[in-house]
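In case you want the letters, here they are:
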Amino acid sequence: MKHLFLVIRTVSAWGLTLLLVFPLIWLLLTAFKTELQAIAVPPQLFFTPTLDNFAEVQVRSDYLLFAKNSIITSVLSTLLGLAIAAPAAYSMAFFRTRWTRDVLMWMLSTKMMPAVGALLPIYVMAQSAGMLDTLTGLTIVFTLSNLPIMVWMLYSGFKDIPPDILEAARMDGASIWGEFVHVIRPLAMGPLASTGLLCLVLSWNEAFWSLNLSSAKAGTLAVLIASYSSPEGLFWAKLSAASLLAIAPIVVVGWFSQKQLVQGLTFGAVK
Amino acid sequence: MNRLIPRALMAPAVVTLLLWMIVPLAMTIYFSAVRYDLMQPDQTGFIGLMNYEFFITDPDFGPSVLNTLLLLGSVIVITVVLGVALALLVNEAFPGRGLVRVLLISPFFVMPTANALLWKHMMMNPVYGVLSQVWIFFGMTPVDWLTDLPLLSVIIMVAWQWLPFACLIFITSLQSLDRDQMEAAGMDGANAFQKFWFLTLPHLGRPIAVVIMIEMIFLLSIFAEIFTTTGGGPGNASTNVAFLIYKQALLNFDVGVASAGALFAVVLANIAAVFLIRLVGKNLD
């Protein structure tokens, strides 16, 4: 009886999971088909794989430029975000005042503003500052929109550092700077890394701002993929190849940062 | 001295976020009260609440609010119900559980534009799409998803993306469920359903509330999926409030009306936000 339950559980869990990830499996297969195989009726499961699509995507749409833009904007906005968020989170975690709670709540509330509510002012400002379709403009917007989550994640990470250690350091006469370099820094590497990872994922996948603020010059991979929206022509294999290259790295990063993701996106409300 | 340094450390984050919030909000409020149409640049001036009137009396307004709520409601129901079911399924040990859990969350990391086009072309194409082949295999007439069922199509794409998120949170939460209590209930003769109803479900109450509220915040302004697949159409069949604002601003060039709409969206989102902030705030003390 117990054995039967295990079999049912195994079969249904695997069945449902494969059903759920089927679109991704299909994307993976289509990326290695020719365009004719990609639209074959009935769909082909077995075929001779080709790498032509990957070369074609680069030739026709300068894939590497968009990839470079994605890497630059997500890495820079992550570093910039950490540089701004870490001191703030450090200060709130270790020098609590009666305002700390309110400041945290207020920061959270800025994340609740729907992006579309700020679209016009940001667009107008970016335009008058000459920052439309520039990497600088996108990096700044990505940094700001991720900042509340970063402060929150770092704050809850820093708060887990036992205060006894800090008190011991202060007793021994360590300055704020000395305390930071010798005591906090080694312990803070974990929260910093996981926050950075989450921010990287969010910036890489960001579509609202990149679609509205960038196109041919500073466009990210999300923008490149969106350009495959046209209903005409044979392009499914190329679309699949481009999508595969765009999502594979971040899906792998995501697998390793699941836990941080849950904490970051729920603002620590689920542990 | 010792009070100054902590404040100085906080200043950059506080100042940038303040600017990021206040400046656009102030500008939006200002735009919403003046005549600001890029197609008629000679007409300017304060017009009170007229932009709001235009936005609300737009024939697309009613349907777009309805679509927003339908999209939100359906995705929340699908992701919470299926998410709980899947989480319960993979919570017990079985061969390959680790791999299943890794695979299960993958769709959440797919960028929205890639997700949308994968479904639009490879899955939902009425002739060559996988779904139409499945329909034919079962002897049914294939569906032209994006034309005949545009809103449902968007719902499927968004639910596919957010189901793994909900599931992941429920899995995390189930790990802290009290095993001893479960066993004790089993000894006392509780059946599987009773255990679920009286122990598991109350335990999941909080994560379910969190999932609902986070999805509310993100899904109220779903944009990329609609932008890349249906373009809000056919007609206004899949236009939500976020897309309507975008249409007013960057396609009709009427900044004033779009700003009035943007403020409407902010109010809508804040209703959801108040609940989430309260819930999270309790956790802070």
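Predicted, not measured: the structure shown is a model, and the values here were computed from it.

### Quick word on the domain arrangement of chain A
For step 1, the next point in the chain: Segmentation of chain A into domains returns domain 1 (2–30) and domain 2 (61–265).
For step 2, the next point in the chain: On a C-alpha basis, the centroid separation for the pair domain 1 of chain A and domain 2 of chain A is 33 Å.

### Thoughts on the interface of chain A and chain B
Many analyses report the size of an interface as the accessible area lost when the parts associate.
For step 1, the next point in the chain: The partner chain B presents 80 residues to the 78 residues of chain A that form the contact.
For step 2, the next point in the chain: Take the side of chain A that touches chain B: its biggest share by element is 15 residues, from helix 1 (residues 2–30) of chain A.
For step 3, the next point in the chain: Here the side of chain A that touches chain B is composed, by residue class, of 61 nonpolar, 15 polar and two charged.

### A short note on the environment of Ser 203 of chain A
Residue and element names in this part refer to chain A.
For step 1, the next point in the chain: Relative to the assigned elements, Ser 203 resides in helix 9 (residues 176–205).
For step 2, the next point in the chain: Once the C-alpha coordinates of Ser 203 and Thr 78 are considered, the two residues, 125 residues apart in sequence, prove to be 8.0 Å apart.
For step 3, the next point in the chain: Ignoring sequence-local partners within four residues, the contact set of Ser 203 consists of Thr 73, Ser 74, Ser 77, Thr 78, Phe 142 and Asn 146.

### Let's talk about helix 10 (residues 192–219) of chain B
All names here are of chain B.
For step 1, the next point in the chain: Spanning 28 residues, helix 10 covers only 34 Å between terminal C-alpha atoms, well under the ideal 40 Å at 1.5 Å per step.
For step 2, the next point in the chain: Its axis deflected by about 45 degrees at Gly 205, helix 10 carries its strongest bend there, up to four residues before the proline Pro 207.
For step 3, the next point in the chain: Among the residues making up helix 10, those that are buried are Leu 204, Pro 207, Val 210, Val 211, Met 213, Ile 214, Glu 215, Met 216 and Leu 219.

### As for the nonpolar core
All names here are of chain A.
For step 1, the next point in the chain: One finds Ala 85, Ala 89, Val 151 and Ile 225 to be the most contacted residues of the largest nonpolar core, which totals 166 residues.
For step 2, the next point in the chain: Of the residues that make up this core, three or more belong to each of domain 1 (2–30) and domain 2 (61–265).
For step 3, the next point in the chain: Dropping the residues within four chain positions of it, Ala 89 is found in contact with Val 151, Leu 154, Tyr 155 and Phe 158.

### Quick look at helix 1 of chain A
For step 1, the next point in the chain: The end-to-end C-alpha distance of helix 1 of chain A, which contains 29 residues, comes to 41 Å, matching closely the 42 Å that a straight helix rising 1.5 Å per residue would cover.
For step 2, the next point in the chain: The sharpest bend along helix 1 of chain A comes to roughly 55 degrees, located at Val 21 of chain A, with the proline Pro 23 of chain A sitting one to four residues further on.
For step 3, the next point in the chain: Of all the residues in helix 1 of chain A, the buried ones are Ala 13, Thr 17, Leu 20, Val 21, Pro 23, Leu 24, Leu 27, Leu 29 and Thr 30 of chain A.
For step 4, the next point in the chain: Buried residues along helix 1 of chain A sit in contact with helix 2 (35–38) and helix 12 (236–256) of chain A together with helix 3 (61–91), helix 4 (97–105) and helix 5 (112–123) of chain B.

About the thresholds
- Residues numbered from 1 in each chain as written.
- Chains lettered and ligands numbered in written order.
- Predicted model: local features only at pLDDT ≥ 70, side-chain atom pairs only at ≥ 80, totals over all residues.
- Domains from an automatic or database assignment.
- Contact = placed C-beta atoms within 7 Å.
- Helix = DSSP H or I, 4+ residues; strand = E, 2+ residues; numbered from the N terminus.
- Nonpolar A, V, L, I, M, F, W, Y, C, P; charged D, E, K, R; others polar.
- Expected span 1.5 Å × (residues − 1).
- Bend = angle between axes of the 7 residues up to and from the residue.
- Buried ≥ 20, exposed ≤ 12 C-beta atoms within 10 Å, placed from the backbone.
- Core = buried A, V, L, I, M, F, W, Y, C linked by C-beta atoms within 7 Å.

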